[in-house]
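Next come the chains, spelled out residue by residue.
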Amino acid sequence: MSYEFFTGASCSLLLLAAARIGISRNRHSGSTWLLVLVCGAMFYLLRPLLNVTHPALDLLLALPVMVTPAAFWLFTHALCSESQDFPHWGWWLIAADITIDLASHLNLHPAFYVLAQPLKLVLIGAGLSTLLQQLHSDLVAERRQLRIALLIAIGGYMLIVVFAEFAFSYHKVPRGVPMLHVVLVSMLTFAASLWLLALSPRALEESLPPTGEAAAETAQETEEPAKLDQPQRLLLEKLQAHMNNGGYRHTGLTIRELAAQLDAREHVLRVLINRHLGYRNFNEYLNQFRIDEASRRLADPDEAHLPILTIVLDIGYRSLSPFNAAFKRRHECTPTEYRRERLPE
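Model, not experiment: these values are computed from the prediction. (Residues numbered from 1 in each chain as written. Predicted model: local features only at pLDDT ≥ 70, side-chain atom pairs only at ≥ 80, totals over all residues. Heavy atoms only, no water.)

Asker: Got a sec to walk through the overall build of the chain? Specific residues and values, please.
Answerer: In terms of helices and strands, the chain carries 17 helices and 0 strands. Counting only C-alpha atoms and orienting by the principal axes, one finds that the chain spans roughly 75 × 50 × 35 Å. Split into buried and exposed, the 345 residues of the chain put 40% on the buried side. Summarising the internal contacts of the chain: among those between residues at least 6 apart in sequence, 70% fall at separations of at least 24. As displayed, the chain offers around 19,300 Å² of accessible surface, 62% of which is attributable to carbon and sulfur atoms. (Helix = DSSP H or I, 4+ residues; strand = E, 2+ residues; numbered from the N terminus. Buried < 20%, exposed > 50% of the residue type's maximum accessible area, 1.4 Å probe, protein only. Contact = heavy atoms within 4.5 Å. Areas by Shrake-Rupley, 256 points an atom, 1.4 Å probe, with all protein chains shown as cover.)

Asker: Before we move on, could you go through the pattern of salt bridges and cite the residues and values that matter?
Answerer: In this structure the tally under the stated criterion is 12 salt bridges. Here arginine 256 ties to glutamate 266 by a salt bridge, and the two come within 3.3 Å at their closest N and O atoms. With arginine 256 in helix H12 (residues 255-261) and glutamate 266 in helix H13 (residues 266-276), this residue pair connects regions lying 10 residues apart in the sequence. Here arginine 270 makes a salt bridge to glutamate 266, at a shortest N to O gap of 3.0 Å. In this pair, arginine 270 and glutamate 266 are both assigned in helix H13, 4 residues apart and thus about one turn of the helix distant. Classification of arginine 270 as buried rests on a relative accessible area of 6%. Among the charged side chains, a network of salt bridges with common partners joins Arg249, Glu293, Arg297, Glu303 and Asp314. (Salt bridge = Lys/Arg side-chain N within 4 Å of Asp/Glu carboxyl O.)

Asker: Before we move on, can you summarise a nonpolar patch on the surface with the specific residues and values?
Answerer: Where nonpolar side chains cluster on the molecular surface, the patch consists of Leu57, Leu60 and Leu63 and spans about 260 Å² of accessible area. Relative to the helices and strands, leucine 60 resides in helix H3 (residues 55-66). (Patch = residues over 30% accessible without salt bridge, like charges linked within 9 Å, V, L, I, M, F, W, Y side chains within 5 Å.)

Asker: Mind laying out the side chain of threonine 7, listing which residues take part and the relevant values?
Answerer: On the secondary structure map, threonine 7 appears in helix H1 (residues 2-23). Among residues more than four places away in sequence, those in contact with threonine 7 are Leu45, Leu49 and Val182.

Asker: So what about the environment of cysteine 80? Which residues, and what values?
Answerer: Relative to the elements of secondary structure, cysteine 80 occurs in helix H4 (residues 68-80). The class for cysteine 80 is buried, based on a relative accessible area of 9%. Along the sequence, cysteine 80 and phenylalanine 6 sit 74 residues apart, while their C-alpha atoms lie 32 Å from each other. If we skip the residues at most four places from it in the chain, cysteine 80 touches Thr130, Leu131 and Arg147.

Asker: Describe helix H16 (residues 320-331), listing the residues and the values that go with them.
Answerer: Residue pairs spaced three or four apart in an α-helix point in one direction, given the helix's 3.6 residues per turn. Taking 1.5 Å as the rise per residue, H16 with 12 residues should run 16 Å; its terminal C-alpha atoms sit 16 Å apart, in good agreement. Once H16 ends, the next one or two residues include glutamate 332, with phi positive near 60°. (Expected span 1.5 Å × (residues − 1).)

Asker: Would you mind going over helix H17 (residues 335-342) in detail, with residue names and values included?
Answerer: Those residues of H17 lying buried are Pro335, Tyr338 and Arg339. All buried residues of H17 fall inside an arc of 95° around its axis, so they share one side. In H17, those exposed residues whose orientation departs by more than 90 degrees from the buried face are Arg340 and Glu341. Along its buried surface, H17 packs onto helix H14 (282-298), helix H15 (308-314) and H16. (Arc of directions from axis to C-beta.)

Here's what the structure looks like:
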């Protein structure tokens, strides 16, 4: 009875979270994948209690569970990747995982089950890697907290569950493990629901990028940022002067190092760049200055002899790859094409 009680409590909390996410689904990119993730967790908990014997109905209940690792990765990408497209190879990996998992569920061959487990781990690992990327550069406080919570609680627990399921498929499940599992899930869902519904109800809205229509509405309704007090004005002036003098050229510059250079507190500088200058990621802020300088130098006849890599290293990048990606987002062409258009032979 205790197992059923904790399962019911967890599903009730997940249902509340799903309703909360569903309300803002059309306004924020990535909410749909979070909704799929929550539904997958709910069906995962309910399936053992339902004891469905009809193959078609059992498959229908299993499908949300099958797509949960993929939904986790897709949600973390929408959360952290600053409007960059999901990689094409990722879709192929997700398709392979769902296909093999489906074949395993239909018992087509025992090998499919063995293949399905590593693929699940790969997808979950990709999601965890996405959460870790540029974590320190994230300027949105709510999103950093959400990243850490997903990284430690959700992603970590999903890894444990996949490992445990694989191990216990060949060994008898120790007594008490199912009960321990459902109690831990109840604690996680309670903590997540308490945070999203009560302690920080705007966490998702602040963390997820808005959809096109929502962004347009926000742009029309956006109020002017709060006025800066005297210390903030002085810090802003100091920051602008430092960057205009080439402070962005320091290779591998982090916001912690920049705060030290300005003799400022890191969290104060984060808030200033995020809320008063409008940047959600510190690297985006640096890219503004770096791409501006690169664009000028690529169009300068006096520097036409310089290799692009030399300019890239001069302005603070470690390699061509991140520069090319940032440059193409700004100009919708490669640096070589940009130079060729502005310096015809």
